[in-house]
Amino acid sequence: MSGVKGKSGRKANPDASLERSKKYTFYVKEYARTNANGNIVEWVEDSYFQWFKIHHGARWQERVRAWMRQDVQHYRQKSYWQCNCPNIGVMGNWRSKKAPHCRLCDSYYREVDRINNMSYTEKQEYYKRKMEQLKREK
Ligand SMILES: [Zn+2]
């Protein structure tokens, strides 16, 4: 530990001054080991965490971060879609699949969502156009 005042908590990235790391407290369960009198002799870390460290060594935190990225990518793919808005900010242009229409750029998750949002006459015109298109393609 450097012990420099005001320097703890955040690790600066030497390669990029526009990036730093924030420290989070990560709790790991410990179990008491007692002697014959029932007194606590020592505390033992959760064995899954110990195995995790045995498996990944000093890179165990990198594995946690990698899993987090994977989990988010999977969750995003499963529950969100991307509209045509600029991809800015934490949520970017990712929209929930429960809301299949973006009012800002007027794009839809799927073609069926676009059709569902049409009025009766718009639907009729849409299907008429589709039929003509199919006839031309034959
Ligand atoms: Zn949009």
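1. So, the overall build of the protein
If you tally the helices and strands in the protein, you get 4 helices and 8 strands. Ordered by position in the sequence, the α and β elements of the protein form the string β-β-β-β-α-α-β-β-β-β-α-α. Buried positions account for 1% of the 138 residues belonging to the protein. The contacts of the protein with a sequence gap of at least 6 include a subset with a gap of at least 24, amounting to 3%.

2. Here's the deal with the pairing of strand E3 (residues 30-34)
The two faces of the sheet receive side chains in turn, since in a regular strand these alternate between them. Taken across its 5 residues, E3 has 0 buried, putting it largely on the surface. Note that E3 and strand E4 (residues 40-45) share 5 bridges and pair antiparallel. The partner of Glu30 across the bridge, within E4, is Glu45. The turn linking E3 back onto E4 is made up of 5 residues, and Gly38 within it adopts a positive phi angle of 85°.

3. Side note on the confidence of the model for the protein
Overall, the prediction assigns the protein a mean pLDDT of 91, with 90% of residues at 70 or greater. The weakest mean pLDDT in the protein belongs to strand E1 (residues 10-12) at 71; the strongest belongs to strand E5 (residues 80-82) at 98.

4. Here we look at the environment of Cys85
By secondary structure assignment, the location of Cys85 is in the loop between E5 and strand E6 (94-96). Leaving out residues up to four positions away in the same chain, Cys85 has contacts with Asn93, Cys102, Leu104 and Cys105.

5. Here we look at helix H4 (residues 120-137)
Each turn of an α-helix holds 3.6 residues, which means side chains three or four residues apart point in the same direction. Given a rise of 1.5 Å per residue, 18 residues ought to cover 26 Å, and the 26 Å separating the end C-alpha atoms of H4 matches this to within 8%. Burial runs low along H4: only 0 of the 18 residues are buried.

6. Examining helix H2 (residues 60-79)
For H2, which comprises 20 residues, the first-to-last C-alpha distance of 28 Å matches the rise-based estimate of 28 Å (1.5 Å per residue) to within 8%. Where burial is concerned, little of H2 is hidden: 0 out of the 20 residues are buried.

7. Some thoughts on unusual backbone geometry
In the Ramachandran plot, Asp106 falls in the positive-phi region, its phi being about 60° despite a non-glycine side chain. Within the element layout of this structure, Asp106 appears in the loop between strand E7 (101-102) and strand E8 (107-108). On the basis of neighbour counts, which here come to 11 C-beta atoms within 10 Å, the residue Asp106 falls in the exposed class.

Parameters at a glance
- Residues numbered from 1 in each chain as written.
- Predicted model: local features only at pLDDT ≥ 70, side-chain atom pairs only at ≥ 80, totals over all residues.
- Helix = DSSP H or I, 4+ residues; strand = E, 2+ residues; numbered from the N terminus.
- Buried ≥ 20, exposed ≤ 12 C-beta atoms within 10 Å, placed from the backbone.
- Contact = placed C-beta atoms within 7 Å.
- Pairing = 2+ DSSP bridges.
- pLDDT = per-residue confidence, 0-100.
- Expected span 1.5 Å × (residues − 1).

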